[in-house]
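# Observations on chain architecture
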Amino acid sequence: MKILVTAKRVPDPESTIKVNSSGDGIEEAGIKWVVNPFDEIAIEEALRVKEAQGDAEVVVVSIGPSEAQEQLRTGLAMGADRAILVTGENLDTSAVAKILVKIVEKESPDIVITGKQAIDDDSNEVGQMTAQLLGWPQATFISELKIADDKSSAECTREVDGGMETISVPLPALITADLRLNEPRYASLPGIMKARKKPLEQIEAASLGVDTTPKIVIKSMAPPPAREAGRIVESVDELVTALQSEAKVL
Amino acid sequence: MIEWSEQHILMRDAVRRFVEAEIVPNLEEIEHGDTPPYEIMRKMVRTFGIDEIARARFAKQIAKAKEQEAAQAAQDGDPQGAEAESGTSKREDSDAPSEGAGDAAAMQIIPVIELSHYCPGIVTAMGVSAGLTAGAINAKGTVAQRERWALDLLTLDKIGAWAITEPGSGSDAFGGMKATARRDGDGYVLNGSKTFITNGPYADTIVFICKLDEGNAPRERKVVSFVLESGMAGLTQTKPMRKMGLHSSPTGELFIEDLRVGKDHLLGEREPKDGASRGGAKDTFSTERSGVAAMALGIVQQCMKLCVEYAKTRVQFGRPIGEFQLIQLKLAKMEVARMNIQNLVFRHIEMIDKGRKPSFAEASAMKLYSAQAAMEVCLEAVQLFGGNGYMAEFQVEQLCRDAKVLQIYGGTDEIQISQIARSLLAD
Ligand SMILES: Cc1cc2nc3c(=O)[nH]c(=O)nc-3n(C[C@H](O)[C@H](O)[C@H](O)COP(=O)(O)OP(=O)(O)OC[C@H]3O[C@@H](n4cnc5c(N)ncnc54)[C@H](O)[C@@H]3O)c2cc1C
């Protein structure tokens, strides 16, 4: 069994984000970069499937700047077997999906697991677009994954409004991981030592023969308005009036 | 080495996340409650596979030691030919840092630095157990003793204590030592009290250092070490003592009264010739001293992080206090200290990588400087925070109390100074 997982390079959710001087992106200097937390969950799930199946291979893929090697090393240190880095600039979700399709065609995995979204642009599109382009079944926002004994299908529990939905997808399939799927492990010391020796293949996006012209252009970015100081009201009446006439929420 | 490698940073980030998720939320409990740190230590060791690495390394070392023992037994037809010392010195060679070991050393130092950002006490409790105690057993024990006691300490399945200090002997640890072992049939009877013993209250395995009483004058007695186990008749482990800082590391007293042990508890299972076992203790001091630099680096890094943030956000006289030159001076001096300690740590890793060991005097100089620098930085950090610095909520208060111990244990500043000077003045 082969499992392909994604690892996008994103700013650490803890870091302070500032809009850059040209107003069309973020100030990248001084930012700490991490594996997209949902991708980390995807990697963890792939490793669990591998551990349960025994003879599985986990391949971790990142599409982005060459520095994304660091994120791939994290995936390898967690336990993935090898890594593929597709380098390219200014790639929007549709370009990333098209590139991912090429990698899937080359690798023919049984399952592709992506995070449900990346925490930088919150697009929540790559998984779905990739499945569509491949013509594969998809199970999105899953919180539980069970591979059938004969490995021909996977039972996925999805979080839907007000409850859970369990669906079965024939393999190969694409799955996107939600927050509650698992708690990712820390890279261990032996894992980190071994990661350096694991293969990391680099491919240029341009060499894959896909049109990566962005369909989305970011016109401008603005930080959310600064939060105003709170106010202590004297009575319940004053609170109700303020909520009605000022905040207009009642 | 001028900076951490990509691999080191992976380790650092992983440990940092662990510390933030597992230690920081429980800090109040560990530092101010009665919770011993051992469960968190074990979780850390297991999470990062440190136990797995320890087991693999231990298996290799034991295989090598067994070969050596066999070779030696075959070599000396006459049983008196093999002296305990020659066996020991050979083994120390095989445990000496081998070339290219810098990376492995760095991987051990990084968690020390990261833990020291919040919990220098946990580092102490862990270092004494897996470092000092297991180290002493590995350096001086027979293969059977190492297998019996050392591995469980390295994996933290058992907690260890290393007891040399006594109420009447600290800096002059060997000279003033009153604890004794008397021969009794084919075993020994032990007596003595030990104090300030890290992990003393909870230790499962204790290395008890004492003098062999052969009816000679105390100053002339040979130093011997025994391995004691919690629960032995005649051993009392007190409750943790109250202390200034380092609250996450339990410290206690040990009372040993007519405790009978067999020869299998004597480290090396042979009485040493003359003062041979003091050398072993010296080696132990050396390792401890380089560990202190890594702790100092962690403490200084954390003080700086907190201080820089505070200097930018605390406003007085209408300006962030970071705009006042007197505050800038504090920050600049902290940065100088941080660079110096980091350089010492990097140099230490580099030396290990080249298969070299720092001399005793070098290790002393490293400890002296890092401990003093960390203490100065902490005091300045408290000052920079003003009244908040004196309040427990702002963490520099704890680091300041914790840092003081670096100047006391593992040999006081004064003792480091005299050892450095002695080596300079020696012919
Ligand atoms: C938190 C903590 C944990 C510890 N853990 C352990 C442990 O696990 N195992 C263990 O065996 N011990 C442990 N110790 C003991 C520690 O090693 C001793 O406290 C230390 O070596 C100093 O000895 P002392 O306390 O007896 O001080 P003393 O030796 O009495 O020193 C008192 C003062 O005199 C100075 N002084 C002494 N001799 C000289 C000299 N020749 N020249 C100049 N000045 C001198 C000292 O520097 C010091 O300032 C621990 C101590 C602490 C505080």
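The following paragraphs examine the structure supplied in this document. (Residues numbered from 1 in each chain as written. Chains lettered and ligands numbered in written order. Predicted model: local features only at pLDDT ≥ 70, side-chain atom pairs only at ≥ 80, totals over all residues.)

### A short note on the overall build of chain B
- Across its full length, chain B holds 14 helices and 9 strands.
- Whereas a compact globule of 427 residues would reach a radius of gyration of roughly 22 Å, chain B reaches 22 Å, a difference of no more than 12%.
- C-alpha atoms of chain B, sized along the principal axes, occupy 85 × 50 × 45 Å.
- Of the contacts formed within chain B by residues at least 6 apart in sequence, a portion of 77% connects residues at least 24 apart. (Helix = DSSP H or I, 4+ residues; strand = E, 2+ residues; numbered from the N terminus. Rg over C-alpha atoms; globule rule 2.2 N^0.38 Å. Contact = placed C-beta atoms within 7 Å.)

### Regarding the overall build of chain A
- Regarding its fold elements, chain A presents 6 helices and 11 strands.
- Structurally, chain A occupies a C-alpha span of about 65 × 45 × 40 Å along its principal axes.
- A total of 250 residues make up chain A; the buried ones form 37% of that total.
- Within chain A, residue pairs in contact and separated by at least 24 positions form 68% of the contacts whose partners lie at least 6 positions apart. (Buried ≥ 20, exposed ≤ 12 C-beta atoms within 10 Å, placed from the backbone.)

### Looking at the interface of chain B and chain A
- Contacts between chain B and chain A engage 14 residues on the former and 12 residues on the latter.
- Elements with a contribution of two residues or more to the side of chain B that touches chain A: helix H1 (6–23) and helix H4 (50–75) of chain B.
- Considering every element that reaches the side of chain B that touches chain A, the biggest residue donor is H1 of chain B, with 7 residues.
- Of the residues assigned to the side of chain B that touches chain A, the class counts are 8 nonpolar, 3 polar and 3 charged. (Nonpolar A, V, L, I, M, F, W, Y, C, P; charged D, E, K, R; others polar.)

### Some thoughts on the sheet that holds strand S8 (residues 153–160) of chain A
Residue and element names in this part refer to chain A.
- The sheet built from 9 strands is open, its strands ordered S9-S8-S7-S10-S6-S1-S4-S5-S11 with mixed pairing. Every interior strand has two partners, whereas the edge strands, strand S9 (163–170) and strand S11 (200–204), have only one. The sheet shows a mean angle of 35° between the axes of neighbouring strands, direction not considered.
- Two elements, strand S6 (residues 111–115) and strand S10 (residues 173–177), share 5 bridges in a ladder whose sense is parallel. Paired with Val112 across the two strands is Leu174, which belongs to S10. (Pairing = 2+ DSSP bridges. Axes fitted to C-alpha atoms, helices over the stretch in contact; angles between N-to-C directions.)

### Some remarks on the pairing of strand S7 (residues 251–262) of chain B
Residue and element names in this part refer to chain B.
- Pairing between strand S3 (residues 187–198) and S7: 9 bridges, direction antiparallel. From the neighbouring strand, Leu190 faces S7, where its bridge partner is Leu259.
- Of the strand pairs in this sheet, strand S6 (residues 235–237) and S7 are connected by 3 bridges, and their pairing is antiparallel. Of the residues in S7, the one forming a bridge with Leu235 is Ile256.

### Things to note about unusual backbone geometry
Residues and elements named next belong to chain A.
- Residue Leu171 is joined to Pro172 through a cis peptide bond whose omega torsion reads 0°.
- Counting through the fold element by element, Pro172 comes out in the loop between S9 and S10.
- You will see that Ser108, though not glycine, has its phi angle at about 35°, which is positive.
- Tracing the chain through its elements places Ser108 in the loop between helix H3 (93–107) and S6.
- For Asn124, which is not a glycine, the phi torsion comes out positive at approximately 60°.
- Within the fold, Asn124 resides in the loop between S6 and helix H4 (126–134).
- You can call Asn124 partly exposed: it has 16 C-beta atoms within 10 Å.

### Comments concerning helix H6 (residues 102–116) of chain B
Residues and elements named next belong to chain B.
- Its 15 residues place the ends of H6 21 Å apart at the C-alpha level, agreeing with the 21 Å of an ideal helix rising 1.5 Å per residue.
- Counting buried residues along H6, 11 of its 15 residues qualify, which places the element largely inside the surrounding structure.
- Turning to H6, its buried residues number three or more, namely Gly102, Ala106, Met107, Ile109, Ile110, Pro111, Val112, Ile113, Glu114, Leu115 and Ser116. (Expected span 1.5 Å × (residues − 1).)

### Re the packing of H6 of chain B against helix H7 (residues 120–140) of chain B
Residue and element names in this part refer to chain B.
- Here H6 crosses H7 at 140°, and the two axes come no closer than 7 Å. Residues Val112, Leu115 and Ser116 of H6 touch H7, and the partners they reach there are Pro120, Ile122 and Val123.
- Class assignment for the residues of the contact of H6 with H7 results in 5 nonpolar, 1 polar and no charged.

### Here we look at helix H6 (residues 236–246) of chain A
- Across the 11 residues of H6 of chain A, 0 count as buried, placing the element largely on the outside.
- Backbone geometry just after H6 of chain A places Lys248 of chain A at a positive phi near 55°.

### Here we look at the environment of Asp211 of chain A
- Position of Asp211 of chain A among the secondary structure elements: in the loop between S11 and H6.
- The class of Asp211 of chain A is exposed, set by 8 C-beta atoms lying within 10 Å.

### A short note on the environment of Arg82 of chain A
Residue and element names in this part refer to chain A.
- Its location among the elements puts Arg82 in strand S5 (residues 82–87).
- A C-alpha to C-alpha distance of 6.9 Å links Arg82 and Val58, two positions 24 residues apart in sequence.
- Once residues lying within four places of it in the same chain are set aside, the contact partners of Arg82 are Val59, Lys198 and Pro199.

### Things to note about the environment of Val35 of chain A
Residues and elements named next belong to chain A.
- Mapped onto the elements of the fold, Val35 is located in strand S3 (residues 33–35).
- Looking at Val35, the number of C-beta atoms within 10 Å reads 27, which means it is buried.
- Each C-alpha atom of the pair Val35 and Leu72 lies 8.2 Å from the other, and the pair is 37 residues apart in sequence.
- Setting aside its immediate chain neighbours within four residues, Val35 contacts Ala7, Glu40, Gln71, Thr74 and Gly75.

### Side note on the packing of H7 of chain B against helix H8 (residues 143–154) of chain B
Residues and elements named next belong to chain B.
- Here H7 crosses H8 at 170°, and the two axes come no closer than 9 Å. One way to sum up the angle between H7 and H8 is to call them roughly antiparallel. Of the two possible hands of crossing, H7 and H8 adopt the one that is left-handed. Contact residues: Ser129, Ala130, Thr133, Ala134, Ile137 and Asn138 in H7; Gln145, Arg146, Trp149, Ala150, Leu153 and Leu154 in H8.
- Among the residues forming the contact of H7 with H8, the class breakdown is 7 nonpolar, 4 polar and 1 charged. (Parallel < 35°, antiparallel > 145°, perpendicular 65-115°, else oblique. Left-handed = near helix turned anticlockwise from the far one by under 90°.)

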